[in-house]
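Letter by letter, the chains look like this.
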Amino acid sequence: MKKITLLVIVLAVSSTSLFAQPGKGIRWSRDGRAILKAEPQGIVASPLSGAAPTVVVPSSQYTPAGTAKALPIRDFHFSADEKKLLIYTNAKKVWRYETRGDYWLLDLTSGKMQQLGKDKPASSLMFAKLSPDGTKAAYVSDHNLYVEDLKTGETKALTTNGTRRFINGTFDWAYEEEFGCRDGFRWSPDSKSIAYWQIDATKIRDFLMINNTDSIYSFTVPVEYPVAGESPSACRVGVVDIQTAGTRWMEVPGDAQQHYIPRMEWVPGKKQLIIQQLNRKQNDSKIMLCDATNGKVRTLYEEKDSAWIDVKSRWDDDNIAGWDFIRNGKEFIWVSEQDGWRHLYNVNAENGKATLLTSGNYDVISIAKIDEANNQIWFMASPDNATQQYLYKISLNGGKAERITPADQPGTHEYQISPSSSWAIHQFSNACTYPVSENLELPGHTSGTQVVAKAIRESASAGKCVEYFQVQTADGVTIDGWMHKPANFNPAKKYPVVFYVYGEPAGATTLDAIGAGRNFLYDGDMAADGYIYVSMDNRGTPLPKGRYWRKSIYRKVGVLNARDQAQAAQALMKKYAFIDPARTAVWGWSGGGSMTLNLMFQYPEIYKTGIAIAAVGNQLTYDNIYQERYMGLPEENREDFVKGSPITYAHNLKGNLLYIHGTGDDNVHYQNAEMLLNELIKNNKQIQFMAYPNRTHSISEGSGTFIHLSTLYTNYLKAHCEPGGK
């Protein structure tokens, strides 16, 4: 279950094909010296040097004939020669993201503008991309894949069997949520065929959500949702010929309902695909080469783990697309934890031999850029402080990594590196410094504005707002955490403490970045009201502390992480006499809601008040990709799922509990709330409960929702965990 993200940092992505969808990436100019943005006056190029911005495409050029207003651009992409502009507009949500809408193509030479898929329903096109030769466009509409001739406007269906549960060219709910898979097709380098995923969810049971608010008669909202213990949707990869619309299926070995294919790309310059296959337990990863002409498949590289293996998005900033090929496709960069740390490897694309490039007792957090022209890799790491993040570089031949981020800039850094690697957009924050951004030159890390350096000096002179600490648990585990003390703090007094928790492999809470020490849900100023605010990261969270730290939670979610949190809380209260053990509160959302429940139920002597939002009360209700990755298969070790589920311990509740859930939550179903309520009722455990009608996992829809939620949260906390020093 994904944590609720409090801060979103935009990261760079790149693409070799013309592709417009709502993305996280910035748009670089062709020479890599300017950033392109859609402004009211048009597409504007802003040079990183600080020179004046220029309008490269006036909005009048993408104003459809017969209309007075230009298209409102949701996203855009230029062709490689910057002679065509693909515009994405009129976007609508598909589950989490606005991935369906309308696409228009503007020929910047002739001024011709045309809408793609005019014969399709409005806002139904997904992931439109031009062919490499620029003569055709392909897109998905209503679960089928289409190709359109740009000269004649003729449209051809490449698949015709698509339905809500039989999906061509995109993915089902579980693939999107847990693997980040959305765009499900790729043009071949020669523009003659398209490789695509096909997801068969017809054997997956629908989970029926009930909508009681949008009509007098209620109706169900079905979601093909495979829970833990159920086989996943069958998945296969095919290559469709543009002329004949015939598909050749790749002969990937194994039962299609017992494995996943989360990655697929074309090998540069070849009629060959490269895929990643994961077994259902996700502890056996195979990189396979598929011959697009005959469907034959061979395994190139295999890796196994006693716990699980991450897909590329974990180290590639959530970007599921692309493959890091180098040397004309003869090799590629991969990441593995096989020596106990997350390191970069060079894999030979012919024989699968893997060569370690980085080495040492530290983790590569993510890859920032593969810079083959300069024979180097830019990556993020923080060998000395697991709560921070810095830019490093290393030769493509391996060797010693060199830190690029200056030593006097402690915190969390992000870099969006230009295609030429000569410029970067540098984004920075720490717990006491609001996010700032500057353009800098590489490799010297020089900036004419010195925005980051100035921001750090100003925040330092204003005083430290959040303290970072470490405690050691009774089990001997060193835990990182931050603490925000009350205003006018008096160490002779005792103050209430509020613990913010998450504690699962999908996220960490103690990063030295903006958001640390700040409670977005509290209506007011916690420090001014006299609360100590604390967060700590237990084993299993994705900190750069090595494989053992991250994977020791395997089959122990809800047990080991709760134990670490509870022991760390005890150690903290023993270390600091100003924490009042009689006024201890804990709260969290999603996985953090589950953690809150487990702490309240398993350690009632420590936590007196809890606020749990959108929690998984029973691990057997959550989706198979996430839950089985970290817990195994219920048919083999069901007892672990039971031991880790809050509902198992609900009878132990002693303190005050506020439980909150949206009835329209398609991620963590409202079913969890009702199961938990039944267990509490059976044991006569009194709690306060709030259901938000037809709200999703974010509980963000509807007028007044956030204010209501914030008020509810704050009033309950103040009523049951009295603020102020005593």
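Residues numbered from 1 in each chain as written. Predicted model: local features only at pLDDT ≥ 70, side-chain atom pairs only at ≥ 80, totals over all residues. Heavy atoms only, no water.

Per an unreviewed UniProt entry, the protein chain goes by S9 family peptidase and derives from Chitinophaga flava.

A. Region of the structure containing the pairing of strand β30 (residues 390–395). Most of β30 is tucked away: five of the six residues are buried. Looking at chain direction, strand β29 (residues 376–381) and β30 are connected through six bridges and run antiparallel. Counterpart to I377 in the pairing with β30 is I394. Bridge count between β30 and strand β31 (residues 402–403): two bridges; the pairing is antiparallel. When the sheet's bridge partners are listed, K393 is paired in β31 with E402. In sequence, β30 turns back onto β31 through a hairpin of six residues, with G398 there showing a positive phi of about 90 degrees. (Buried < 20%, exposed > 50% of the residue type's maximum accessible area, 1.4 Å probe, protein only. Helix = DSSP H or I, 4+ residues; strand = E, 2+ residues; numbered from the N terminus. Pairing = 2+ DSSP bridges.)

B. Broad picture of empty space enclosed by the protein. Counting across every chain of the model gives three cavities of 30 Å³ or more. Roughly 120 Å³ of internal volume is contained in the largest cavity. Of the residues that constitute the lining of the largest cavity, the class distribution is four nonpolar, three polar and six charged. Taken together, 14 residues make up the lining of the second largest cavity; nearest its centre are E504, V557, G558, S594 and N598. Looking at the lining of the second largest cavity, the element that brings in the most residues is helix α6 (residues 591–602), giving four residues. Here the residues of the lining of the second largest cavity are counted per class, giving six nonpolar, seven polar and one charged. (1 Å grid on protein atoms, 1.4 Å probe; cavity = no way out; pocket = protein on both sides within 12 Å on 5 of 7 lines; lining within 4 Å. Points joined across faces, edges and corners; volume = space filled by probe spheres on them. Nonpolar A, V, L, I, M, F, W, Y, C, P; charged D, E, K, R; others polar.)

C. Up close: the state of the cysteines. Summed over all chains, the structure comprises one disulfide. At a sulfur-sulfur separation of 2.5 Å, the disulfide partner of C432 is C465. Negative torsions about the S-S bond denote left-handed disulfides, and the value of about -115 degrees found for C432 with C465 makes this one left-handed. One end of the pair, C432, is in the loop between β33 (423–430) and β34 (433–441); the other, C465, is in the loop between α2 (451–461) and β35 (467–472), with 33 residues separating them in the sequence. Residue C432 is classed as buried on the basis of its relative accessible area, which comes to 14%. A relative accessible area of 26% means that C465 is categorised as partly exposed. C235 takes part in no disulfide bond, and the closest cysteine sulfur, belonging to C181, lies 8.3 Å away. (Disulfide = S-S within 2.5 Å.)

D. Region of interest: the sheet that holds strand β2 (residues 34–39). Overall, antiparallel pairing links the four strands, which are arranged β1-β2-β3-β4 in an open sheet. The sheet is open, and its two edges are formed by β1 (27–28) and β4 (54–58), each paired on a single side. As paired strands, β1 and β2 are joined by two bridges and run antiparallel to one another. Residue pairing in the sheet places W28 in a bridge with I35 of β2.

E. Representation of the packing of aromatic side chains in the model. This structure, assessed with the given rule, holds 32 aromatic pairs. Here W173 and Y225 contribute two aromatic rings whose centre-to-centre distance is 4.8 Å and whose plane-to-plane angle is 40 degrees, an arrangement assigned as tilted. Residue W173 is located in helix α1 (residues 173–179), and its partner Y225 is located in the loop between β17 (219–224) and β18 (234–241); the two are separated by 52 residues in the primary sequence. Accessibility expressed as a relative area gives 4% for Y225, which makes it buried. Aromatic rings pair up to connect F171, Y175, F179, W197 and Y260 into one cluster. The ring of Y146 has K120 sitting right over it, with the charged end atom 4.2 Å from the ring centre. A cation over an aromatic ring shows up here: K129 above the ring of F185, its NZ or CZ 3.4 Å from the ring centre. (Phe/Tyr/Trp six-rings, centres within 6.5 Å; stacked < 30°, edge-to-face > 60°. Lys NZ or Arg CZ within 6 Å of the ring centre and 35° of its normal.)

F. Molecular detail of the domain arrangement of the protein chain. The domain architecture assigned to the protein chain consists of domain 1 (26–156), domain 2 (158–315) and domain 3 (466–719). For domain 1 versus domain 2, the separation of C-alpha centres amounts to 26 Å. Both faces considered, domain 1 and domain 2 share a buried interface measuring about 2200 Å² in area, 63% of it formed by carbon and sulfur atoms. The three residues of domain 1 that bury the most area against domain 2 are W95, H143 and L145, which together make up 32% of that side's buried surface. Taken together, the links from domain 1 to domain 2 amount to one salt bridge. Ionic pairing is found between D183 and K129, a salt bridge with its closest N-O pair at 2.8 Å. (Domains from an automatic or database assignment. Buried area = accessible area lost by both parts, 1.4 Å probe. Salt bridge = Lys/Arg side-chain N within 4 Å of Asp/Glu carboxyl O.)

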